[in-house]
Amino acid sequence: MIEFRSVTKQFPDGTVAVDAFDLAIPPRKTTVLVGSSGCGKTTLLRMINRMIDPSSGHILIDGEDTGSLEPVKLRRRIGYVMQNSGLMPHRKVIDNVATVPILGGVPKKQARDDAMKLLDTVGLDRSLALKYPRQLSGGQQQRVGVARGLAADPNILLMDEPFGAVDPIVRAELQQETIRLQEGLGKTVVFVTHDIDEAFLLGHQVVILQKGGHIAQVGTPAEILAHPANDFVASFVGADRGKRALRIQRVGDRDVVVDENGTPTGVLQP
Ligand SMILES: Nc1ncnc2c1ncn2[C@@H]1O[C@H](COP(=O)(O)OP(=O)(O)OP(=O)(O)O)[C@@H](O)[C@H]1O
């Protein structure tokens, strides 16, 4: 469990990126922080592993105040995947994945063996291990980024717009992989996106943010769709424009579900 308790971040230039933020992030589930540009998503994510320190308030991981932990050690316990993969361009794929465990004291050979297995886990062919990041496609690089995030076998995986820069087809594949990995490995995933469809697809818990890290609504996708908390949320999820408004159409003896354009999307099961 990760808890934000009245967390505020004011940058030295006076910008208040996050203002008195409270949130409980349940373990072994995916929580998605979603909101438009500049609302404080990345700042919130980076405060979990202390890449950014809060100006006030506390972040607890399993009851332990992260402010009292050594940032470097904390970071080794928490996987981090960023947009554009953030890979080291002059290191081979295998070394990109194995570096953090080696820094953490795992013998080199074992770290490389583990890294090979992680390539399997994220659906990459082992033949890519000796290539350099620039020799891989954008989607493959993101998979390496995920493998690297998992390399220290962290309980928590932070993912900052990890699929923002890949094309829609690869993005859909990577989203499905993320669901599969989260379910299979039981990690606590905190995922940042500005895409509400991605948030609803991946999130067990979805947090809709407004500027200053203010929470507009927290809930499951179903709860948010069923009862948007206010006009901002209704607009953000598209409910005010009739988006996602499915209707039932009787066809003979069956009920067909149609979308806002009247296009059939499925058949209701008895
Ligand atoms: N180092 C910094 N110094 C000053 N202001 C900053 C700094 N980092 C972020 N900010 C400001 O804090 C606010 C929140 O930024 P943050 O990057 O957390 O937003 P975001 O929701 O992740 O945006 P995006 O989706 O564009 O990445 C913005 O107004 C941003 O300009």
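It should be emphasised that the depicted structure is a prediction, and the values quoted were computed from it without experimental measurement. (Residues numbered from 1 in each chain as written. Predicted model: local features only at pLDDT ≥ 70, side-chain atom pairs only at ≥ 80, totals over all residues. Heavy atoms only, no water.)

A short note on the UniProt feature "domain: ABC transporter" (unreviewed entry) in the protein chain
No. 1: The UniProt record marks residues 2–237 with the feature "domain: ABC transporter" (unreviewed entry), using the residue numbering of this structure.
No. 2: A distance of 26 Å separates the end C-alpha atoms of residues 2–237, which is 38% helix and 25% strand. (UniProt positions renumbered as here; feature names shortened; annotations may be inferred. Helix = DSSP H or I, 4+ residues; strand = E, 2+ residues; numbered from the N terminus.)

Topic: the environment of Ile48
No. 1: Note that Ile48 resides in helix H1 (residues 41–48).
No. 2: We classify Ile48 as buried; its relative accessible area is 0%.
No. 3: Sequence separation between Ile48 and Thr66 is 18 residues; the distance between their C-alpha atoms is 7.8 Å.
No. 4: Setting aside its immediate chain neighbours within four residues, Ile48 contacts Ile2, Phe4, Ile25, Ile59, Ile61, Thr66, Leu74, Ile78, Leu158 and Val190. (Buried < 20%, exposed > 50% of the residue type's maximum accessible area, 1.4 Å probe, protein only. Contact = heavy atoms within 4.5 Å.)

Some remarks on the packing of helix H3 (residues 93–103) against helix H4 (residues 108–121)
No. 1: Their axes nearest at 8 Å, the elements H3 and H4 cross at an angle of 125°. Of the possible angle classes, the one that applies to H3 and H4 is oblique. The element H3 and its partner H4 pack so that their crossing is right-handed. Contact with H3, carried on its side by Val93, Ile94, Asp95, Val97, Ala98, Pro101 and Ile102, involves Lys108, Ala111, Arg112, Ala115, Met116, Leu118 and Leu119 of H4 and no other residues of that element.
No. 2: When grouped by side-chain class, the residues that make up the contact of H3 with H4 number 11 nonpolar, no polar and 3 charged. (Axes fitted to C-alpha atoms, helices over the stretch in contact; angles between N-to-C directions. Parallel < 35°, antiparallel > 145°, perpendicular 65-115°, else oblique. Left-handed = near helix turned anticlockwise from the far one by under 90°. Nonpolar A, V, L, I, M, F, W, Y, C, P; charged D, E, K, R; others polar.)

Some remarks on the pairing of strand S13 (residues 264–267)
No. 1: Sheet topology places strand S12 (residues 254–258) next to S13; 3 bridges connect them, and they run antiparallel. Paired with Val258 across the strands is Pro264, a residue of S13.
No. 2: Between S12 and S13, which pair antiparallel in sequence order, lie 5 residues; one of them, Gly262, sits at a positive phi of approximately 85°. (Pairing = 2+ DSSP bridges.)

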